[in-house]
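Remarks on the overall topology
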Amino acid sequence: MGYSTMGKPKPSTLILFSGLAADDSVFAFQRHAFPQLVVPKWPKPQGDDTLDTYSERLAHEWRTSGDIVVGGASFGGIVALHVAKHLDPKAVILIGSIRSPAELPHLVRCLRPFAILARFAPLRLLKLCCLPLHLSIARRLVPHLHGLARQFQGCDPVVFRWSLARILDWSSTPTANCPTFQIHGERDFVLPRRYTNPDRVIRGGGHVISLTHPSQVTEFIQFTLDQISEGAGD
């Protein structure tokens, strides 16, 4: 059953960034619940782009959009934190994402010296390896991996490799003048829960919880919007 948001307070714009170079299909369920939801496409990075310069350009488009809540899934949540530096959002929502570089898995932090090699990531091979995970039986048996495979399938190679490098060299924790709300999967093996401290944990959830546990994610987003509304009324 879907989660109804009729009669609930809404900001004028809800911006959610998808995961690593993924498209807006990761928030297909949430689109039905929140008509004001915008899932921006990932623009191609410029040659000298850092995570902050890229996020500043993304933020520029929304500076006159009124009340905003910004958030994202996985890498999209990291981008949302940096975008929030250049906006004045009411809140940031992290969906299977993390608040700082210190919450990255140890393996990712060990690979930081090799960030420059991300440009050679064999994306075509990864897509081929993920093809069996698109089958309906994979969706039933391994929904977490099925969700990850969907992200790979339609991603732009340039954006993917640049984003991967930015995860590896992410070193500064962005600060935003707004509250951050975080929901995480109990069994997330990409950004494990044990390294972070989410506000809500989805039991049995993996990494792509907006696809595998859409109702719970939608309810959490609505909870966030309600908290903002109550705070504004104090």
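In this text, all values refer to a predicted model and were calculated from it rather than measured experimentally.

1. As for the overall build of the protein chain
If you tally the helices and strands in the protein chain, you get 10 helices and 6 strands. Relative to its full complement of 234 residues, the protein chain shows a buried share of 50%. Within the protein chain, residue pairs in contact and separated by at least 24 positions form 66% of the contacts whose partners lie at least 6 positions apart. Surface summary for the protein chain: the accessible area is close to 11600 Å², and the carbon and sulfur share equals 56%.

2. Considering helix 2 (residues 51–60)
Buried residues of helix 2: Leu51, Tyr54, Ser55, Leu58 and Ala59, and no others. All buried residues of helix 2 project into a common sector of 140° when viewed along the axis, lining one side.

3. Some points on the pattern of salt bridges
By the definition in use, this model includes 7 salt bridges. In this structure, Asp24 engages Arg31 in a salt bridge whose closest nitrogen and oxygen atoms are separated by 3.1 Å. With a relative accessible area of 33%, Asp24 lands in the partly exposed category. With a relative accessible area of 35%, Arg31 lands in the partly exposed category. With its nearest N and O atoms 3.2 Å apart, the salt bridge here joins Asp52 to Lys85. With a gap of 33 residues between them, Asp52 in helix 2 and Lys85 in the loop between helix 3 (75–84) and strand 4 (91–95) connect regions that are remote in the sequence. Residue Lys85 is classed as partly exposed on the basis of its relative accessible area of 37%.

4. Structural notes on the environment of Ile202
Checked against the element boundaries, Ile202 lands in strand 6 (residues 200–202). In this structure Ile202 touches Ile183, His184, Gly185, Glu186, Ile209, His213, Gln216 and Val217, once residues within four positions along its chain are discounted.

5. Let's talk about the nonpolar core
Side chains that are nonpolar tend, in soluble globular proteins, to be buried together. Phe17, Trp42, Val70, Phe75, Val79, Val83 and Val92 are the most contacted members of the largest nonpolar core, which totals 35 residues. Contributions of two or more residues to this core are made by strand 1 (13–17), helix 2, strand 3 (68–73), helix 3, strand 4 and helix 8 (157–168). At 7 residues, the largest contribution of residues to this core is made by helix 3. Apart from residues lying up to four places away in sequence, Val92 is in contact with Val70, Ala80, Leu81, Ala84, Cys178, Pro179, Thr180 and Phe181.

6. Details of the pairing of strand 3
Of all 6 residues in strand 3, 6 are buried; the element is thus mostly enclosed. Here strand 3 shows no split at all, with Ile68, Val70 and Gly72 on one side and Val69, Gly71 and Ala73 on the other all buried. Pairing of strand 3 with strand 4 involves 5 bridges; the strand directions are parallel. In the strand pairing of strand 4, Gly71 is matched with Ile93.

7. Thoughts on the sheet that holds strand 3
Taken together, 6 strands build an open sheet; the order of strands is 2-1-3-4-5-6 and the sheet is parallel. Edge positions in the sheet fall to strand 2 (37–38) and strand 6, since each has one partner strand and no second. As defined by bridge partners, strand 5 (residues 180–185) adjoins strand 6 across 3 bridges and the pair is classed as parallel. If you follow Ile183 over to strand 6, its bridge partner there is Arg200. Packing against the sheet, helix 3 makes contact with strand 1, strand 3, strand 4 and strand 5, and its axis sits at approximately 150° to strand 3.

Analysis parameters
- Within each chain, residues carry numbers counting from 1 in the order of the written sequence.
- Confidence filtering applies because this is a predicted model: local features only for residues at pLDDT of at least 70, side-chain atom pairs given and counted only at 80 or more, and all residues used for totals across whole chains, interfaces and linings.
- Computation of side-chain values covers all heavy atoms of the structure but excludes hydrogens and water.
- Runs of H or I in DSSP of at least four residues are treated as helices and runs of E of at least two as strands, each being numbered from the N terminus.
- Each residue is placed in one exposure class: buried if its accessible area under a 1.4 Å probe, protein chains only, is under 20% of its type's maximum, exposed if it is over 50%, and partly exposed if it falls in between.
- In what follows, a contact means two residues having at least one pair of non-hydrogen atoms within 4.5 Å.
- In these tables, accessible area is a Shrake-Rupley quantity obtained with a 1.4 Å probe, and a residue counts as shielded only by the protein chains included in the view.
- Here the arc refers to the directions that run from the helix axis out to each C-beta atom.
- By definition, a salt bridge exists where a carboxyl oxygen of Asp or Glu is found within 4 Å of a side-chain nitrogen of Lys or Arg.
- Throughout this description, the term nonpolar core refers to a set of buried Ala, Val, Leu, Ile, Met, Phe, Trp, Tyr and Cys residues connected via side-chain atoms within 4.5 Å.
- One bridge is not enough; two strands pair if DSSP finds at least two bridges between them.
- Note on geometry: axes are lines fitted to C-alpha atoms, helical ones only across the stretch in contact, with angles between N-to-C directions running from 0 to 180 degrees.

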